Amino acid sequence: MTRELRALIFDVDGTLADTEEFHRRAFNATFAAFCLDWWWNRETYRDLLRVAGGRQRMQAFASEQTDGLALRDDFDVLLREMHAHKTRHYDGLLREQPLALRPGISRLFDEARSHDVRLAITTTTTAANLEALLTPSLGHVWRERFAAIVCGGDVARLKPAPDAYLETLRRLRIDADEALAFEDSANGIRSAQAAGLTVIVTPTWYSLAENLPAGFVSLPHLGDPDHALPMGAPGAPYIDLARLRGWHAEATNSPVRISACC
Ligand code: XBP
Ligand code: MG
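The rules behind each value
Residues numbered from 1 in each chain as written. Chains lettered and ligands numbered in written order. Predicted model: local features only at pLDDT ≥ 70, side-chain atom pairs only at ≥ 80, totals over all residues. Heavy atoms only, no water. Helix = DSSP H or I, 4+ residues; strand = E, 2+ residues; numbered from the N terminus. Buried < 20%, exposed > 50% of the residue type's maximum accessible area, 1.4 Å probe, protein only. Contact = heavy atoms within 4.5 Å. Areas by Shrake-Rupley, 256 points an atom, 1.4 Å probe, with all protein chains shown as cover. Lys, Arg positive; Asp, Glu negative; His and termini not counted. Charge placed at Lys NZ, Arg CZ, Asp CG, Glu CD. Donors = N, O, S within 2.8 Å, 3.2 Å for Na, K, Ca; no water. Pairing = 2+ DSSP bridges. Right-handed = clockwise from strand over helix to strand, strands pointing away. Core = buried A, V, L, I, M, F, W, Y, C linked by side-chain atoms within 4.5 Å. Domains from an automatic or database assignment. 1 Å grid on protein atoms, 1.4 Å probe; cavity = no way out; pocket = protein on both sides within 12 Å on 5 of 7 lines; lining within 4 Å. Points joined across faces, edges and corners; volume = space filled by probe spheres on them. Nonpolar A, V, L, I, M, F, W, Y, C, P; charged D, E, K, R; others polar. Axes fitted to C-alpha atoms, helices over the stretch in contact; angles between N-to-C directions. Buried area = accessible area lost by both parts, 1.4 Å probe. Salt bridge = Lys/Arg side-chain N within 4 Å of Asp/Glu carboxyl O. Near = heavy atom within 4 Å. Polar contact = N/O pair within 3.5 Å; in protein donor to acceptor, adjacent residues only side chain to side chain.

1. Overview of the overall build of the chain
Consideration 1: Counting its regular elements, the chain contains 10 helices and 6 strands.
Consideration 2: With respect to the principal axes defined by its C-alpha atoms, the chain has extents near 55 × 35 × 35 Å.
Consideration 3: Relative to its 262 residues, the chain shows a buried fraction of 54%.
Consideration 4: Counted over contacts in the chain with a minimum sequence separation of 6, partners at least 24 positions apart contribute 66%.
Consideration 5: Per element, the accessible surface of the chain, about 11700 Å² overall, is 50% carbon and sulfur.
Consideration 6: Charge centroids of the chain, computed over 29 positive and 35 negative side chains, lie 2 Å from each other.

What follows is the structure in structure tokens.
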């Protein structure tokens, strides 16, 4: 039985926008504010992204240091204070310099809406970070665009556990084979696939270092008429809803994978 494509489910960081460089800057500003001599360069941060969740990422880093911070009785309280500071700083960076959505995102949002395909967000980050990222590009009513929004704080286990995607499917009241997921990272791909979803992968520099699990297709981005995909990339010059419907039909009828292109 061919299942209809009823929803597009998007990850946020690295998928909707290339946000991890701003997250990295916010973490480093927080370390300075808390008088820690920690500093995450791009390569260190890229490795640390194997840990989902900013607070968990700082905890993992602290456990590898010899400064004894992780042994403090109030370490958990300190981590939460640091993560709250980091979130405020990240939001401030986005207010100063709003980040553009990646190619194809805004166009596919519009196409989905005009073809009654629902949109959803499934992310590890906080609702506050989502507000700061999407308000400049989609306006103050950006939440109305999404039939379901699941953030890190909404589930017990972060990606790569399937919890956030399963909660999104529950809120959408659809089965996994009635949707496509869009992800950039190994944790995200594993989370979506563990929930039974077909995944369109659009990595960034921050996720390309990982040995990414194979999605249904891997692309440098989703493209736009004025920002074409490389010649020969699956779906070039840009991915539209018709193409997504075709891939969804292929995946739900015979889960074959298109060769990765990046
Ligand atoms: C990516 C993450 C997040 C961000 C930092 O989220 O793992 O932890 O790196 O944001 P996504 P927080 O699932 O959207 O790719 O500090 O708020 O966790
Ligand atoms: Mg991501």
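Moving on from the coordinates now.
2. Comments concerning the coordination of the magnesium ion (ligand 2)
Consideration 1: Binding of the magnesium ion (ligand 2) to the protein goes through Asp 11 (OD), Asp 13 (O) and Asp 184 (OD), at separations of 2.1 to 2.2 Å.
Consideration 2: Counting residues between consecutive donors of the magnesium ion (ligand 2) along the chain gives the motif D-x1-D-x170-D. When sorted by exposure, Asp 11 lands in the same class as Asp 13, which is buried.

3. Section: the pairing of strand β2 (residues 118-122)
Consideration 1: Burial analysis of β2 places 4 of its 5 residues in the buried class, which makes it a mostly covered element.
Consideration 2: In terms of strand pairing, strand β1 (residues 7-10) meets β2 through 4 bridges, oriented parallel. Bridge assignment links Ile 9 to a residue of β2, and that residue is Ala 120.
Consideration 3: In this structure, β2 lies alongside strand β3 (residues 148-150), joined through 3 bridges in parallel fashion. Paired with Ala 120 across the strands is Ala 148, a residue of β3.
Consideration 4: Traced from β2 through helix α6 (residues 127-138) to β3, the parallel crossover comes out right-handed.

4. What to know about the nonpolar core
Consideration 1: One finds Leu 8, Leu 134 and Leu 244 to be the most contacted residues of the largest nonpolar core, which totals 43 residues.
Consideration 2: Of all the elements in the fold, those that place two or more residues in this core are β1, α1 (20-33), α4 (75-96), α5 (105-114), β2, α6, β4 (179-183) and α10 (241-253).
Consideration 3: Split by domain, the residues of this core number at least three in each of domain 1 (7-18 + 99-260) and domain 2 (20-96).
Consideration 4: With residues up to four places along the chain from it excluded, the contact list for Leu 244 reads Leu 5, Leu 8, Leu 108, Leu 180, Phe 182, Ile 200 and Ile 239.

5. Considerations on empty space enclosed by the protein
Consideration 1: The tally for this structure, following the rule as stated, stands at 1 cavity of 30 Å³ or more.
Consideration 2: Volume-wise, the largest cavity comes out at about 40 Å³.
Consideration 3: What lines the largest cavity is simply Thr 15, Arg 102, Pro 103, Ile 105, Thr 202, His 221 and Leu 222.
Consideration 4: Considered class by class, the residues forming the lining of the largest cavity number 3 nonpolar, 3 polar and 1 charged.

6. Some points on the sheet that holds strand β5 (residues 198-201)
Sheet strands pair by backbone hydrogen bonding; their relative direction is either parallel or antiparallel.
Consideration 1: Reading across the sheet, the 6 strands line up as β3-β2-β1-β4-β5-β6 and stay open at both edges, with parallel pairing between neighbours. The sheet is open, and its two edges are formed by β3 and β6 (217-218), each paired on a single side.
Consideration 2: Most of the contacts of α10 go to β4, to which it runs at about 110°, and overall it touches β1, β4, β5 and β6.

7. Structural notes on the domain arrangement of the chain
Consideration 1: Parsing the chain into structural domains produces domain 1 (7-18 + 99-260) and domain 2 (20-96).
Consideration 2: On a C-alpha basis, the centroid separation for the pair domain 1 and domain 2 is 26 Å.
Consideration 3: For the pair domain 1 and domain 2, the summed buried area comes to about 1700 Å², and 58% of that belongs to carbon and sulfur atoms.
Consideration 4: It is Asn 129, Trp 205 and Tyr 206 that lose the most area in domain 1 upon contact with domain 2, and together they represent 39% of the buried surface on that side.
Consideration 5: The tally of links between domain 1 and domain 2 comes to 0 salt bridges.
Consideration 6: Breaking the side of domain 1 that touches domain 2 down by element, the ones donating at least two residues are α6 and α9 (205-208).
Consideration 7: Take the side of domain 1 that touches domain 2: its biggest share by element is 4 residues, from α6.

8. What about the site of ligand 1?
Consideration 1: In the vicinity of ligand 1 lie 21 residues, with Asp 11, Gly 54, His 83, Lys 86 and Thr 123 positioned nearest.
Consideration 2: Here an oxygen atom of ligand 1 sits 3.4 Å away from a polar atom, N or O, in the main chain of Val 12.
Consideration 3: In the environment of ligand 1, an oxygen atom lies 2.7 Å from a nitrogen or oxygen atom belonging to the side chain of His 83.
Consideration 4: Computed on the free molecule, ligand 1 has an accessible area of 450 Å², of which 95% lies beneath the protein chains in the complex.
Consideration 5: Residue assignment for the shell around ligand 1 shows that the elements contributing at least two residues are α1, α3 (54-63) and α4.
Consideration 6: For the shell around ligand 1, the residue count by class is 5 nonpolar, 9 polar and 7 charged.

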